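For reference, the chains in residue letters:
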Amino acid sequence: MVRFGYFSIKKKLIWISMIVSASVMLLSSIAFVVYEGMIFRDTMVRELTIFADIIGINSASSLIFNDPVSAKATLNPLKTKPSIISAGIYGRNGQIFADYSKNNNIKAPQNLQDRTDGYRFDGDCLVLFKRITSEGEQIGMVYIQSDLSEMENRLIQYAGIVMSVLILALLMALLISSKLQQMISQPILHLAATAKSISDEKDYTVRATTESHDELGTLVDGFNEMLTQIQLRDSELQKARDGLEIQVKERTKDLQQEISIRKMTEVALRDSEDKWRRLFEEALDAIFVADNITGEIIDCNYAATVLIGRSKEELIGQHQRILHPQTETGEQFSETFTKHKSAAEGKILEAQVITKDGIIKDVEIRASVINLGGRKVLQGTFRDISERKIAEKKLGYAMEELARSNAELQKFAYVASHDLQEPLRMVASFSQLLGNRYKDHLGQDADEFIGFIVDGANRMQRLINDLLSYSRVGTRGKPFQSIDFSVILGQVLVNLGPLIEENGAIITNGDLPVLMADETQISQLFQNLISNAIKFRSAERPVIHITARKEPDEWVFSVCDNGIGISPEYHERIFVIFQRLHAREEYQGTGIGLAICKRIVERHGGRIWVESEPGKGSKFFFTISLQGGNV
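My aim in this report is to walk through the structure given alongside it, one point at a time. All values reported here derive from a predicted model rather than from experimental measurement. (Residues numbered from 1 in each chain as written. Predicted model: local features only at pLDDT ≥ 70, side-chain atom pairs only at ≥ 80, totals over all residues. Heavy atoms only, no water.)

1. Describing the sheet that holds strand E8 (residues 348-354)
At step 1: Across the sheet, five strands lie side by side as E7-E6-E10-E9-E8; this open sheet has antiparallel pairing. Among the strands making up the open sheet, the edge pair consists of strand E7 (297-300) and E8. Averaged over all neighbouring strand pairs, the angle between strand axes comes to 35 degrees, with direction disregarded.
At step 2: By the bridge criterion, seven bridges tie E8 to strand E9 (residues 360-372) in an arrangement that is antiparallel. Considered in E9, the bridge of Ala351 is made with Val363. (Pairing = 2+ DSSP bridges. Helix = DSSP H or I, 4+ residues; strand = E, 2+ residues; numbered from the N terminus. Axes fitted to C-alpha atoms, helices over the stretch in contact; angles between N-to-C directions.)

See below:
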């Protein structure tokens, strides 16, 4: 089988169009057939339920007066539904009272164990059970069995239609893609033919023809521009060759003059080399001296032998590559060596060296070109930075983990605000609709169960909203700006006005500062602490006092109340998410309010804690750092 990569671009475009069209049509068709099957099953269940309700109502009197003939007559209308193959009416004891059979081959069971409403799909049949009640008391059961042949026939018809549409769509996609692909393939084929002609004949005067003004046209223009540049470079190279010959002759004369001058400077160089040698040997950093051209190690100091774990005799005469891990190709190492030479102005490069024992160390290299004995050499000063690199890696891992954690938190916030809330709202809405529409029709237990569903859905929605608020403290915070905490407190008291008035609470405060902070989050912080103080009140009238005092590096705020208090063993636990100290029936809430307070305070560079004892009220303290700016 020919690989897709070997197909011509024409065939690739056609195949891509066909595959995309087939995939879309196939997935749409499968979804349609599955959806129709589900709808048909639900329709069958509703129809059988209606039949069962009618039979139950009509046969209630027959059961009460023990009239099987009349009960059997109530089953006769089932003959109008060909798909129903058997049915039965059962008494209180579960014994058959009256039955119906479509062809006498399949009959209703003589004893019925199920005593509750329900249905099940059993093989190729649908079986439904329905209670018969009179004045709220169950007096019997209705049993109906229906085959699924009608649904199977419909699904087969749908499958046939889907296959026909799919084949027609593929034929249409093939016809359209065969025509449209020429708009893309023809310019590319023309460009490929032109490139091959130029490659074979080495004629760079040939140009490709531009047939469109889209990206393909841009590609052709770029190709032509490349040919123009090649022509220009060829002419420039020829000129450079001619000029180079002249320069070589001139340089030869210069070299002869330099040789005589060099001999005169050799004596002075010997004196300077003695001074350099003393500094070289006593340096704490490892120093290597290598040939500026070949990279061969000429000399090294004692610190270099300690760094590499090799003696000076083992190092001198070796290529610089012996100092580095053999993870680079010869070409790559040549590039590295060139970088070191280009750092002659004191630039610092980072690299790795390997010891004789195979231990890899991170180093900083400062390279410079010096004159040594009248010879230009490359001197590299190596400083071991392995410990610093380990610390940087640990910091990098921590930052990556923090980024991953924030990304997961953002993703969770998105799921909580979209994917989770939609089905939850649907459960709550339809449960309330069910309760309103069928209240007092399904029995007291059903009304109670529906109430449990609605209450659970509402509590779950509150829990998700609180959790979403918690996750957004660090990700949706506003930039800090100068805010007056007294003004913020006043706004919070207005928002809590109904709660304060309902509980007769007395709220006072001292002077509050103006600081750099997130206005929305500080408002939420005060609102959570004050509403908690009112919620967990004692028998006395709630009295709450808010103060602030300045410390050297921070402001310390306090919210004091005369409520029920908190045992010391729970002082840390209350700031943990979803931790509650009381049953839901005693105090409403999700247990996330103080956890949000903790995150808000920590975002502002502070901390939060509580001082309290049972029956003696509570004092919540939190700090706001001055590092953000104190106005």
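2. What about the side chain of Ser146?
At step 1: Note that Ser146 resides in strand E5 (residues 137-147).
At step 2: A distance of 3.1 Å separates the side chain of Ser146 from the backbone oxygen of Ser83, its partner in a polar contact.
At step 3: When neighbours within four sequence positions are excluded, Ser146 is seen to be in contact with Met44, Leu48, Ser83, Ile84, Ile85, Asp124, Cys125 and Leu126. (Polar contact = N/O pair within 3.5 Å; in protein donor to acceptor, adjacent residues only side chain to side chain. Contact = heavy atoms within 4.5 Å.)

3. As for the side chain of Thr74
At step 1: Mapped onto the elements of the fold, Thr74 is located in helix H2 (residues 68-74).
At step 2: When its relative accessible area of 14% is taken as the criterion, Thr74 is described as buried.
At step 3: Of note is the side chain of Thr74, whose polar atom sits 2.3 Å from the backbone oxygen of Ala71.
At step 4: With residues near it in sequence (within four places) discarded, Thr74 still touches Ile55, Asn58, Ser59 and Ile89. (Buried < 20%, exposed > 50% of the residue type's maximum accessible area, 1.4 Å probe, protein only.)

4. A word on a nonpolar patch on the surface
At step 1: A cluster of nonpolar side chains, namely Leu26, Ile30, Val34 and Met38, defines an oily patch on the protein surface of about 360 Å² accessible area.
At step 2: Inspection of the secondary structure puts Ile30 in helix H1 (residues 9-64).
At step 3: Since its relative accessible area comes to 45%, Ile30 is described here as partly exposed. (Patch = residues over 30% accessible without salt bridge, like charges linked within 9 Å, V, L, I, M, F, W, Y side chains within 5 Å. Areas by Shrake-Rupley, 256 points an atom, 1.4 Å probe, with all protein chains shown as cover. Salt bridge = Lys/Arg side-chain N within 4 Å of Asp/Glu carboxyl O.)

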